[in-house]
Structures are given as structure tokens and as C-alpha cells.
Amino acid sequence: MVTQAEALKIVSALRRGVPPAREHVPELTVGREREIGYFSSKLNELAEVGTSDVKFVSAQIGAGKTHFLDILASLALERGFVVSQVDLDSKTTRFDHFEEVYAKLVDRIITPEESVDGLSFVLERWAHERADLDEETVYRQLRRVAGMPIELRTALLVYWRAVATRSPDALATLTDLRTWLGGAKPSYSQKKRLSITSEIGRTKAGDMLRGLMGLFKELGYSGLVVLLDEAEAITSLTRMSDRDTANENIRSIIDNADLSPGFYFVFATTPSFLDPGSPKGAATYQALYRRIRDPLGGQGTSLERTIIELPPLSRPQYRDLAHRIRSLVEASRGGTQSPITDEQIDRLADYAHDRASEQLSTLVRSVVHAVGESFEAPDFDFDSSYLFLVEAQIQHFQDELAL
């Protein structure tokens with residue numbers, strides 16, 4: 001049961017049309033049992049066997065893709081994975097500029113123990129757990145880490161020395177290491193302190209990610225789960241050459257997945273990117289499309305396919321979610337019960353489903369607004385208002401798409 005303070009935060013997020021904090025994902029998870037069961041089993045397999053994989057989760061805008069990625073993040077953290085969740089776009093996090101994506105991935109790293117700056121936590125843990133070892137042993141351990149670039153190995157050893165000798169520069173060295181690993185251009189003094197020669201550019205980002213992955217495994221984590229939202233942003237890139245580069249980067253991840261045990265990449269996207277008829281989608285780059293399309297064609301339902309389509313929620317599931325949202329709004333009001341009845345909530349949910357079954361955000365905002373109005377306006381007439389509220393949210397959604 002959520003507290004009033006937690007309910008206030010959840011309702012505020014829903015009112016703005018954004019998913020609530022990850023820890024509150026279960027409060028609003030309806031349906032998806034089949035998909036959740038599949039990914040739970042897959043993550044167990046990755047943790048136990050060390051395999052790797054790449055998946056695409058496809059659904060319309062507003063259908064709950066981001067919420068589903070939050071579910072996957074929670075499942076991964078429960079199973080001891082390091083997680084990074086990033087929104088792609090066509091301006092500052094372009095997949096044709098993988099070094100930009102890498103920088104965001106590093107910045108967004110979280111662990112089961114640390115939900116803010118997971119990378120610094122990992123680096124500190126690694127160094128402090130080895131502070132009593134001798135340098136030869138530490139260096140030998142670093143050399144055993146599969147795929148670790150020599151510059152990363154060198155920089156880690158410099159940081160370990162500072163920690164092991166209890167140097168007053170240890171914190172500064174951690175900051176230097178964290179900044180460099182985050183893709184920022186190091187200063188001359190930072191390069192000198194870390195014994196490195198260059199920044200992490202386009203050609204090094206993938207190698208560094210594999211090196212970090214090896215470090216995570218060395219510390220006993222199950223692997224690295226990378227969740228990339230809004231992959232359809234690739235279709236917004238104006239130049240065909242840029243789209244081809246972005247698609248080639250995805251193809252490279254798929255082809256090299258087996259070289260990095262414990263990696264799990266999940267791209268969330270709309271059908272516009274995966275549709276074979278899209279003039280700017282993945283199908284325009286056959287080297288990628290051959291790897292992700294269903295060889296049997298059609299709308300396959302097997303979750304072992306590379307592309308997993310999230311189906312719209314059913315009428316009963318819409319009703320279930322609407323009741324949950326009403327309860328959260330009531331909790332945010334200190335547990336005061338709304339005058340809106342179960343039957344009325346069901347009618348609103350049914351109408352929202354019939355009008356916009358693939359726009360889950362329409363239902364969410366409509367219920368939040370209706371229940372909120374029932375508290376704020378004593379004369380609020382639900383029966384004469386709920387159709388208008390749903391239609392207003394549909395229009396609001398369409399206006400947002402047009403921006």
C-alpha cells in the first residue's frame with residue numbers, strides 16, 4: 001500500500017503524462033503477464049548461462065512502451081544486473097553518433113544497490129574490495145577481464161593505487177576516471193593523472209562498453225541490460241547516410257552480441273521504424289532488416305522473435321487500470337473516497353478503450369482528471385462530462401504528436 005506522499009508523486013507524474021518512479025511500476029502494471037513471464041525467464045537465463053540477446057519491443061505511441069521498459073529494468077535489477085535506460089532522439093542522442101549514446105548509457109548506469117550514480121558506486125566498490133591486494137595481483141585480474149581496452153585497464157590501475165595507498169587524491173582520481181568514462185574530453189592534467197592518451201570517441205565507445213561489462217561481471221553482477229527508448233527517432237534523421245549509420249550501429253550490436261556475454265539490449269520503438277513499407281525505417285537498410293524481421297512473415301506471436309509486439313490492453317484490463325488509478329488519486333487525498341462509482345469508472349474505461357485502445361495515456365489522464373474533478377468541484381457531473389474528458393485527452397494527444 002502506497003503512502004499519501006508516494007501517491008501524490010505518482011498522480012503528479014500521471015497528470016503530466018509520464019511514467020511514475022520505477023519503484024511504483026507494480027502499482028500500475030496491468031496485463032503483460034505473458035511478456036513479463038518471458039523476459040523474467042530470459043533474464044534468468046542470461047544471469048545463469050551468460051548468453052546475450054537483442055530485442056525490439058514495438059507498440060504505438062502512448063501504448064505504454066516506456067512503462068514496459070521500466071518493468072524490465074525492475075526485473076533486471078532484481079536479478080543482479082546493472083541497468084542503463086536511455087531515450088534516443090534525433091538531436092542530442094543520435095544513434096548514428098554512438099559516442100553520444102554511450103555517454104548517456106554511462107551516465108544512466110544504476111545497480112541493485114545504487115539508483116543514482118551506479119558507475120561511481122561500481123568503481124569505488126571495485127577499488128576498495130582490492131585495496132589490500134598487491135599491484136601485480138590487481139593487474140593480473142584486470143588482464144583477465146575479457147575485452148577490456150588497455151587504456152581502461154591502465155586508468156583503473158591508477159585509481160586502485162590511489163585507493164590502496166589512501167592517497168588524498170583518490171577522490172579526485174575517481175572524478176577524473178568517472179568523467180573520462182562518461183565520454184567527456186579529458187584535460188591535459190586528467191590524461192596525465194590517469195596515464196591515458198585520448199578521449200573516448202566513436203571508435204572506442206563500443207570497446208569501452210565491453211570493458212565496463214567485464215568489470216561488472218568481475219564484481220559478480222549478472223550482466224548489463226541496456227534499454228533504449230524511442231528507437232523510431234532514427235526515422236527522423238534527415239540524411240539517408242545518417243540513418244544508414246544508425247542502422248549499421250544496431251546491426252553491429254546484434255552481430256557482436258555473442259562476443260559480450262551478459263549483454264541484453266532492448267529497443268523500444270513504434271511500428272513506423274519496423275514496418276517493411278516505411279520509407280525511412282529499418283527495411284531501407286537490408287543488412288539490419290534481414291537480422292530482425294520474422295523469416296516466416298506475418299504477425300507472429302512467438303516471444304522468441306526479435307520483434308515483440310505489445311498488444312493493446314483489453315476492456316477488462318482498461319477497467320482494472322482505471323480502478324487502480326482512482327485508488328491512487330484517493331490515496332493522494334489521504335484516503336478520502338471519490339464519489340465516482342465503480343460503474344462510472346467502468347464506463348469511462350470502456351469508452352476510452354473503444355475510442356483509443358492503443359493510446360493508454362488517454363485512459364490514464366482521463367481518469368486522473370475525472371477523479372480529481374470529483375474532489376475539487378462538488379457539483380461535478382460525471383455522467384455529462386466523462387465523454388468530453390476522454391475526447392479532450394484524445395485531442396491533446398494528437399496535438400502533442402503534431403508538435
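Higher on the page you've got the structure.
My aim in this report is to walk through the structure given alongside it, one point at a time. Here the structure is a predicted model, which means the values were calculated and not measured. (Residues numbered from 1 in each chain as written. Predicted model: local features only at pLDDT ≥ 70, side-chain atom pairs only at ≥ 80, totals over all residues. Heavy atoms only, no water.)

1. So, helix α1 (residues 4-16)
Taking 1.5 Å per residue, 13 residues should reach 18 Å; α1 reaches 18 Å between its end C-alpha atoms and fits that length. Taken residue by residue, α1 has Ala-7, Ile-10, Val-11, Ala-13 and Leu-14 as its buried positions. Buried residues of α1, viewed axially, fall in a sector of 160 degrees; they line one side. Away from the buried face of α1 by more than 90 degrees, exposed residues Lys-9 and Arg-16 are located. Looking at the packing, one finds that the buried side of α1 touches α14 (315-332) and α16 (360-376). (Helix = DSSP H or I, 4+ residues; strand = E, 2+ residues; numbered from the N terminus. Expected span 1.5 Å × (residues − 1). Buried < 20%, exposed > 50% of the residue type's maximum accessible area, 1.4 Å probe, protein only. Arc of directions from axis to C-beta. Contact = heavy atoms within 4.5 Å.)

2. Considering empty space enclosed by the protein
Throughout the structure, instances matching the rule amount to one cavity of 30 Å³ or more. Considered as a void within the structure, the largest cavity measures approximately 40 Å³ in volume. Residue classes in the lining of the largest cavity are distributed as six nonpolar, one polar and two charged. (1 Å grid on protein atoms, 1.4 Å probe; cavity = no way out; pocket = protein on both sides within 12 Å on 5 of 7 lines; lining within 4 Å. Points joined across faces, edges and corners; volume = space filled by probe spheres on them. Nonpolar A, V, L, I, M, F, W, Y, C, P; charged D, E, K, R; others polar.)

3. Some remarks on the side chain of Ser-40
Positionally, Ser-40 belongs in helix α2 (residues 33-49). Once residues lying within four places of it in the same chain are set aside, the contact partners of Ser-40 are Leu-75 and Arg-79.

4. Re the sheet that holds strand β3 (residues 224-229)
Strand order in the open sheet formed by five strands is β2-β3-β4-β1-β5, and the pairing between neighbours is parallel. The outermost strands of the open sheet, each flanked by one partner alone, are β2 (82-87) and β5 (307-309). Going across the sheet, the axis of each strand differs from the next one's by a mean of 20 degrees, ignoring polarity. Sheet topology note: the strand β1 (residues 53-58)/β5 ladder contains three bridges and is parallel. Residue Val-57 lies in a different strand from β5, and its bridge partner there is Ile-308. (Pairing = 2+ DSSP bridges. Axes fitted to C-alpha atoms, helices over the stretch in contact; angles between N-to-C directions.)

5. Looking at the pattern of salt bridges
One pass over the full model with this rule turns up 26 salt bridges. Residue Glu-113 pairs with Arg-125 through a salt bridge whose shortest N-O separation is 3.7 Å. Of this pair, Glu-113 sits in the loop between α4 (98-107) and α5 (118-129) while Arg-125 sits in helix α5, and the two are 12 residues apart along the sequence. Here Arg-319 and Asp-346 are joined by a salt bridge, their closest N and O atoms 3.8 Å apart. Of the two residues, Arg-319 sits in helix α14 while Asp-346 sits in helix α15 (residues 342-355), which places them 27 residues apart along the sequence. Within the structure, one salt-bridge network assembled from shared partners comprises Arg-315, Arg-319, Asp-346, Asp-350 and Asp-354. (Salt bridge = Lys/Arg side-chain N within 4 Å of Asp/Glu carboxyl O.)

6. Side note on the packing of α1 against α16
As a packed pair, α1 and α16 sit with axes 8 Å apart at the nearest point and diverge in direction by 120 degrees. Considered as vectors, α1 and α16 are oriented oblique to each other. As for the relative orientation of α1 and α16, their crossing is left-handed in sense. For the pair formed by α1 and α16, the contact residues are Val-11, Leu-14, Arg-15 and Arg-16 on the first element and Val-364, Arg-365 and Val-368 on the second. Each residue belonging to the contact of α1 with α16 can be placed in one class, and the counts come to four nonpolar, no polar and three charged. (Parallel < 35°, antiparallel > 145°, perpendicular 65-115°, else oblique. Left-handed = near helix turned anticlockwise from the far one by under 90°.)

7. A closer look at the packing of aromatic side chains
As enumerated under the stated definition, the model contains 11 aromatic pairs in all. Summarising the aromatic geometry, the rings of Phe-382 and Tyr-386 are spaced 5.1 Å apart at their centres and angled 5 degrees between planes, so their arrangement reads as stacked. With a gap of four residues between them, Phe-382 and Tyr-386 both fall in helix α17 (residues 382-402), about one helical turn apart. The class of Phe-382 is buried, set by a relative accessible area of 4%. Judged by relative accessible area, Tyr-386 falls into the buried class, the value being 10%. Taken together, Phe-56, Phe-95, Phe-98, Phe-263, Phe-265, Phe-267 and Phe-273 form an aromatic cluster joined through their ring pairs. (Phe/Tyr/Trp six-rings, centres within 6.5 Å; stacked < 30°, edge-to-face > 60°.)

8. Notes on helix α7 (residues 150-164)
For α7, which comprises 15 residues, the first-to-last C-alpha distance of 21 Å matches the rise-based estimate of 21 Å (1.5 Å per residue) to within 8%. Of all the 15 residues making up α7, 12 are buried; the element is thus mostly covered by neighbouring parts of the structure. Those residues of α7 that sit buried are Glu-151, Leu-152, Arg-153, Ala-155, Leu-156, Leu-157, Val-158, Tyr-159, Trp-160, Ala-162, Val-163 and Ala-164. At the exit of α7 stands Arg-166, carrying a positive phi of roughly 55 degrees.

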